[in-house]
Amino acid sequence: MARVRVLVRPKEGILDPQGQAVEQALPALGFDGVSNVHVGRLVELDVEDPGQVPAMCEKLLANTLIEDYEVVEEGAAA
Amino acid sequence: MTTFGVIRFPGSCDEVDALQAARHFGEAKLLWHKDRDLGGVDAVVVPGGFSYGDYLRVGAIARFSPVMESVAEFARSGGLVLGICNGFQVLCEAGLLPGALLPNLERRFICRQLGIEVVSDATAWTAACSPGDVLSIPVKHTSGRYYVPDDQLADVNVVFRYAHDGNPNGSTNDIAGVANAEGNVVGLMPHPEHAVDPLTGSTDGLKLFESAVRERVPA
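Draft legend 1. Molecular detail of the sheet that holds strand 3 (residues 67-76) of chain A. Residue and element names in this part refer to chain A. What the 3 strands build is an open sheet, ordered 2-1-3; its pairing is antiparallel. On the outer flanks of this sheet lie strand 2 (41-47) and strand 3, each paired with one strand and no other. Going across the sheet, the axis of each strand differs from the next one's by a mean of 20°, ignoring polarity. As defined by bridge partners, strand 1 (residues 2-10) adjoins strand 2 across 7 bridges and the pair is classed as antiparallel.

Shown next, in the form of structure tokens:
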């Protein structure tokens, strides 16, 4: 079994109100100099065949019309 | 007599109102999400709610339910399908309608009565309307911002727009509802099934259900 992380992000150019909200909240807490904040989704999974993960992303884990995904292999599952 | 089938997913909440709206013009029965058999209905309504908890993305899991496989087949063979709110999101995820629904620009749940302009009467669900009609119908959603990539926008069959500069969610071109190219499948964020009784302020939502009866090709 392999440990895999799938990072799903809003596609560039699509307004991301969640990211904007976080970006506006940080200066209010004294964290200045923050920009380009985007909020996405992390899916962690153990899989027997990591080669199947891109197909899982295309079919279910991401909506490629509005989201980009990145598959990160973390090595053998614990 | 037209028979409407209204789907019930775990997490649906507007299926009973949809049944009652449909019963103004025909018979209506519930279809369970695990059933592949649509029971010979003439038209299918995919109702509002939070199907499967809206986990992952709105509509993403419902799209793979057994009943939706049959609905997709039904739609492709010309069957009449209406998706309302979460139902619209499900139809987009299923690829039966173009585009996707994103979180509202103002990041809030919105619930209000709005004017919804009919853009096209050339669909099965708007045949009883005329272009330019403004229907008084409520919206209630958190993810209603309709989006299609710019290069696909010209091909979208727009059916409803938010009227009077009343775009509540940041939707592209004020789009409130769209159809497939053939016009048998329509999805919209506003809730026509909640506008069927003078008691709640408007009966304009009935027009959609009336349209489906008018449109149906006799078997």
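Here the narrative resumes, following the displayed structure.
Draft legend 2. Quick look at the packing of aromatic side chains. Residues and elements named next belong to chain B. With the rule as written, the count across this model stands at 5 aromatic pairs over all chains. Measuring from centroid to centroid gives 6.3 Å for Phe4 and Trp125, while their planes differ by 50°, and the two rings are tilted. Taken together, the residues span a long stretch of sequence, with Phe4 in strand 1 (residues 3-8) and Trp125 in the loop between strand 6 (110-118) and strand 7 (134-141) at a distance of 121 residues. Each member of the pair, Phe4 as well as Trp125, is classed as buried. Each member of the aromatic cluster is reached from another via a ring pair, and the members are Phe4, Trp125 and Phe209.

Draft legend 3. Main features of the pattern of salt bridges. Residues and elements named next belong to chain A. This structure, assessed with the given rule, holds 14 salt bridges over all chains. Residues Arg5 and Glu44 are paired through a salt bridge, measuring 2.9 Å at the closest nitrogen-oxygen approach. Pair noted here: Arg5 is in strand 1 and Glu44 is in strand 2, with a separation of 39 residues, a long-range link. Classification of Arg5 by relative accessible area gives partly exposed; the value is 31%. Put simply, Glu70 and Arg9 hold a salt bridge, and the shortest N to O gap is 2.9 Å. Here the residue Glu70 occupies a position in strand 3, and Arg9 occupies one in strand 1, the gap between them amounting to 61 residues. Accessibility expressed as a relative area gives 33% for Glu70, which makes it partly exposed. One continuous salt-bridge network, built from bridges that share partners, spans Arg3, Arg5, Glu44, Asp46 and Glu74.

Draft legend 4. Geometry of the interface of chain A and chain B. In this complex, chain A contributes 16 residues to the contact, which on the side of chain B involves 18 residues. For the pairing of chain A and chain B, the buried interface totals around 1400 Å² over both sides, and the portion due to carbon and sulfur atoms is 67%. Among the residues of chain A in contact with chain B, A:Pro17, A:Leu60 and A:Leu65 are the three that bury the most area, contributing 39% of the side total. Summed over the shared surface of chain A and chain B, the number is 1 salt bridge. Its salt-bridge partner being A:Glu67, residue B:Arg57 comes within 3.8 Å of it at the nearest N-O pair. Where chain A meets chain B, there are 6 residue pairs in polar contact (both at pLDDT 80 or more). Broken down by secondary-structure element, the contributors of at least two residues to the side of chain A that touches chain B are helix 1 (17-28) and helix 2 (53-61) of chain A. Element by element, the count of residues in the side of chain A that touches chain B is highest for helix 1 of chain A, at 5 residues. Among the residues forming the side of chain A that touches chain B, the class breakdown is 9 nonpolar, 4 polar and 3 charged.

About the criteria used
- Residues numbered from 1 in each chain as written.
- Chains lettered and ligands numbered in written order.
- Predicted model: local features only at pLDDT ≥ 70, side-chain atom pairs only at ≥ 80, totals over all residues.
- Heavy atoms only, no water.
- Pairing = 2+ DSSP bridges.
- Helix = DSSP H or I, 4+ residues; strand = E, 2+ residues; numbered from the N terminus.
- Axes fitted to C-alpha atoms, helices over the stretch in contact; angles between N-to-C directions.
- Phe/Tyr/Trp six-rings, centres within 6.5 Å; stacked < 30°, edge-to-face > 60°.
- Buried < 20%, exposed > 50% of the residue type's maximum accessible area, 1.4 Å probe, protein only.
- Salt bridge = Lys/Arg side-chain N within 4 Å of Asp/Glu carboxyl O.
- Contact = heavy atoms within 4.5 Å.
- Buried area = accessible area lost by both parts, 1.4 Å probe.
- Polar contact = N/O pair within 3.5 Å; in protein donor to acceptor, adjacent residues only side chain to side chain.
- Nonpolar A, V, L, I, M, F, W, Y, C, P; charged D, E, K, R; others polar.

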